[in-house]
Amino acid sequence: MDVKRQMRQHLRAKQGSTVSFILVADSIFKSMRTLPETCEAIASTTKKLQKTAIVAEYLKSCTPDEAAVSAVFLSGRPFPAWEEATLQVGGALLWRVVEELSGKNEAALTAAYRKHGDLGSVAGELLPERSGQGVNVLEVSRAFRQISAARGPAEKTVLVCDVLQRATPLEAKYIVKIMTGDLRIGLKESLVEEAIAKAYGGTLAEVQRANMLLGDIGETLRLAVEGKLSEAKMRMFHPLGFMLASPIESAEEGLSYFVEAAVEDKYDGVRAQAHVSDGEVRFFSRTRDEITESFPELPDTLAGLPQDAVLDGEIVAWEYPPNPARAREVVDKTFSEAGEEKAARLGRARPFSVLQQRLGRKKVSGKMFREVPVAYLVFDVLYTGGDLLIDRPLRERARILDALVLAERKVIHHRGTGSHRKTKELQGTLGFGSEAETTVPNIIRAPVFRAVSPEELEELFAAAQARGNEGLMIKDLASTYSPGKRGKSWLKMKRELATLDVVVTAVEYGHGKRIGVLSDYTFAVWDTNKDRLVNIGKAYSGLTDVEIAEMTKWFLEHTLEDQGFRRTVEPKIVLEVAFNNMMQSERHDSGYALRFPRIVRLRPDKTADEADTIEQAREIYEKQNK
Ligand code: AMP
């Protein structure tokens, strides 16, 4: 390469010694890799330390602008995580562009795709070599912005063609990989964080924290370059990771990990992080998708908060109490310490199957508002009034949350004009009367109980289930909030709704390590007359590898119809399945579907005749909806 030769000459002149020239030049050439070359080097090793070293070395060889963009690309994204920009370029469009630019036919593309399993590598193999061309990361970044802004597939196609045409095949390979969001070089964002710490100094913890707050690995890199990681500020409307809970087997275990436990009901709805700033309110789901549209009645109440805030809670279908005024008194006084009776007077959650009707809707009809009102049960606060609270103990966060919700109540009490008119109308449609004072707010501070003995915990558990909730969450009052982590500071105690003994009617090959074995089972219960099996669900997990191997052999020998990927089988194998919830559903011919079904065990001790019937299933469904 000319550049390399020039560099060698330059160095020789400077160093004067062949030995040091080779050493210095070697390390420089290594670090003068382009981003695609770096990606190839990363993919060629499985060792994490080596991967981070390669990334760090590459980043250091770039200008801060190039490094910032590269960090985003190396995380497998065209844009920083917090941004809403998307390319909106599907696989079909990319396929057509690669076909066009390569001049190859469909069969050649399909063969290459079979070989590599991703379109980026297909582009790398089939696009023609064009000497003297190439695009650098900044140009690619600009092209991505243009593609994102372009309207319609025709406009986008022209721009995609343009950037791929200018690229070398190796560059095209990685441009396509980033566009499809699938780098496949064994590099996670966490390794890029490590590389940033390695390249620019700053501890890994500082880099992780800045990236968590900003949701932008490129911006994080810039702060690291300037030695300003500690100045990273929370970016509103970019969701933080959710703290997760570990399951426990018994009440004793529930109190074994920490000294002081706060106990809350475990509500069966959808987890939601609310961001409130300057009257704007947005909700994010556990997958970090925005879900505000599905719950248009919630933002208005939160918009009255006196300070910016990030809250954590669960959106549930809520049965409001018949006497709102009385419940209001309770709400106003019920904060982190709650009594049973107070909790009951707030109203109660309805089953997840009810909430389900509200999920994923872009438009919520008036009928839906009336029939399935929702509430946001808030149990944590992560940020308020400029302060990030995740490093404070839960005890303190709970107090701050109480104060915040109380303040919000005051706002509700005194409003009723101007921008809040919409709320009043909404509440009117909900049928709680038009006066704010007589309504129960739909933002409810989740009541907190205390338990010091396993017996108390069992009692609370029974009470939570009697209220129709799944069980309990037990939280360490001394714990900080760990975004995205599942630890022992939050524990979940729930019992399965029930189990059913079912008969396997069809089987499928599994995925991943279960690719060659029949591990996915469709199962059925008997209909009323016991003359027909009706499917009720499908389960993937629960059996050991040995059991699955045995079952595979049996199912292969007892196949009724081989439909390729799926086989209907002789209905002889009985399984015990557990599940969290049951729904009415068109999916299976029983008219029901199970939520989170898992195989508890094989029941070789039972014949198919002894499996449960649709009646037993119906009983469980009715009990759950009482
Ligand atoms: P699981 O989905 O079984 O892993 O249980 C954890 C989930 O329970 C959380 O992600 C929340 O969506 C939900 N949850 C319900 N009530 C609470 C609560 N009081 N505190 C925390 N999480 C809760």
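Whatever comes next refers back to the structure up there.
Residues numbered from 1 in each chain as written. Predicted model: local features only at pLDDT ≥ 70, side-chain atom pairs only at ≥ 80, totals over all residues. Heavy atoms only, no water.

A short note on the sheet that holds strand S12 (residues 486–494)
Next, step 1: The strand order across the open sheet formed by five strands is S1-S12-S11-S2-S10, and the pairing between neighbours is mixed. Since the sheet does not close on itself, it has two edges, and those belong to strand S1 (244–247) and strand S10 (449–450), each with one partner.
Next, step 2: The strands that helix H23 (residues 454–466) touches are strand S2 (261–266), S10, strand S11 (471–476) and S12; relative to S11, the one it contacts most, it runs at about 135°. (Pairing = 2+ DSSP bridges. Helix = DSSP H or I, 4+ residues; strand = E, 2+ residues; numbered from the N terminus. Contact = heavy atoms within 4.5 Å. Axes fitted to C-alpha atoms, helices over the stretch in contact; angles between N-to-C directions.)

Thoughts on the side chain of Arg467
Next, step 1: Note on placement: Arg467 falls in the loop between H23 and S11.
Next, step 2: In terms of polar contacts, Arg467 uses its side chain to reach the side chain of Asp265, at 2.8 Å. (Polar contact = N/O pair within 3.5 Å; in protein donor to acceptor, adjacent residues only side chain to side chain.)

Quick notes on helix H4 (residues 48–60)
Next, step 1: When the terminal C-alpha atoms of H4 are compared, their 18 Å separation across 13 residues agrees well with the 18 Å that a helix rising 1.5 Å per residue should span.
Next, step 2: Within the sequence span of H4, burial applies to Lys51, Thr52, Ile54, Val55, Ala56, Tyr58 and Leu59.
Next, step 3: Its buried side turned inward, H4 meets helix H3 (35–43), helix H5 (64–74), helix H9 (137–149), helix H12 (189–200) and helix H14 (217–225). (Expected span 1.5 Å × (residues − 1). Buried < 20%, exposed > 50% of the residue type's maximum accessible area, 1.4 Å probe, protein only.)

Some points on helix H13 (residues 204–214)
Next, step 1: Among the residues of H13, those classed as buried are Val207, Ala210, Asn211, Leu213 and Leu214. The buried side chains of H13 occupy one side of the element, clustering within an arc of 165° when seen end-on.
Next, step 2: Summarising the contacts, the buried residues of H13 are in contact with H12, H14 and strand S8 (387–388).
Next, step 3: A positive backbone phi angle near 65° is found at Gly215, which sits one or two residues after H13. (Arc of directions from axis to C-beta.)

Some points on the side chain of Ser70
Next, step 1: Checked against the element boundaries, Ser70 lands in helix H5.
Next, step 2: Beyond its immediate sequence surroundings of up to four residues, Ser70 is in contact with Leu35, Tyr58, Leu59 and Val137.

Concerning the site of the ligand
Next, step 1: Taken together, 13 residues sit near the ligand, with Glu264, Glu314, Lys475, Lys492 and Lys494 positioned nearest.
Next, step 2: Within the backbone of Tyr267, a nitrogen or oxygen atom sits 3.0 Å from a nitrogen atom of the ligand.
Next, step 3: One of the side-chain N or O atoms of Glu314 is found 2.5 Å from an oxygen atom in the ligand.
Next, step 4: When the free accessible area of the ligand is taken as 490 Å², the share hidden by the protein chains comes to 89%.
Next, step 5: Elements that contribute at least two residues to the shell around the ligand include exactly S2, S11 and S12.
Next, step 6: Tallied by class, the residues present in the shell around the ligand amount to four nonpolar, no polar and nine charged. (Near = heavy atom within 4 Å. Areas by Shrake-Rupley, 256 points an atom, 1.4 Å probe, with all protein chains shown as cover. Nonpolar A, V, L, I, M, F, W, Y, C, P; charged D, E, K, R; others polar.)

Overview of the pairing of S2
Next, step 1: In terms of residue burial, S2 counts as a mostly covered element, since six of its six residues are buried.
Next, step 2: Relative to S11, S2 runs antiparallel, the two being bridged by six bridges. Paired with Ala261 across the strands is Asp476, a residue of S11.
Next, step 3: For S2 and S10, the ladder comprises two bridges, and the chain directions are antiparallel. The residue bridging Ala262 from the neighbouring strand is Arg450, located in S10.

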